Amino acid sequence: MGKGILIVIAAVFAGFVGYKILEKKNPGLIKKINKSVSDAGKKVSDVMEEAKTSFQEGYVNG
């Protein structure tokens, strides 16, 4: 159990250090990634809303 926790802590630390290095070297890339993830989330939300509406219409008419 202790070894697993150490691995998780090391991975989080490595990710944080990598993020800081990337942010320092290319700050525009972080903004692009954040916007891309946000856009993808909105698209998924839109698709889910359309599926919900289609299901409701099919359920009412079926």
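Note that the structure is predicted; figures quoted are calculated from it, not measured. (Residues numbered from 1 in each chain as written. Predicted model: local features only at pLDDT ≥ 70, side-chain atom pairs only at ≥ 80, totals over all residues. Heavy atoms only, no water.)

## Observations regarding the packing of helix H1 (residues 2-25) against helix H2 (residues 27-61)
For the pair H1 and H2, interaxial distance at closest approach is 5 Å and the crossing angle is 115°. Compared by their axis directions, H1 and H2 come out roughly perpendicular. Contacts from Tyr19, Leu22, Glu23, Lys24 and Lys25 of H1 reach H2 at Pro27, Leu29 and Ile30. Of the residues belonging to the contact of H1 with H2, the class tally is five nonpolar, no polar and three charged. (Axes fitted to C-alpha atoms, helices over the stretch in contact; angles between N-to-C directions. Helix = DSSP H or I, 4+ residues; strand = E, 2+ residues; numbered from the N terminus. Parallel < 35°, antiparallel > 145°, perpendicular 65-115°, else oblique. Contact = heavy atoms within 4.5 Å. Nonpolar A, V, L, I, M, F, W, Y, C, P; charged D, E, K, R; others polar.)

## Brief notes about the pattern of salt bridges
The tally for this structure, following the rule as stated, stands at three salt bridges. In this structure, the salt-bridge partner of Lys35 is Asp39, at a minimum N-O distance of 3.0 Å. Note that Lys35 and Asp39 are positioned in helix H2 at a spacing of four residues, about one turn of the helix. (Salt bridge = Lys/Arg side-chain N within 4 Å of Asp/Glu carboxyl O.)

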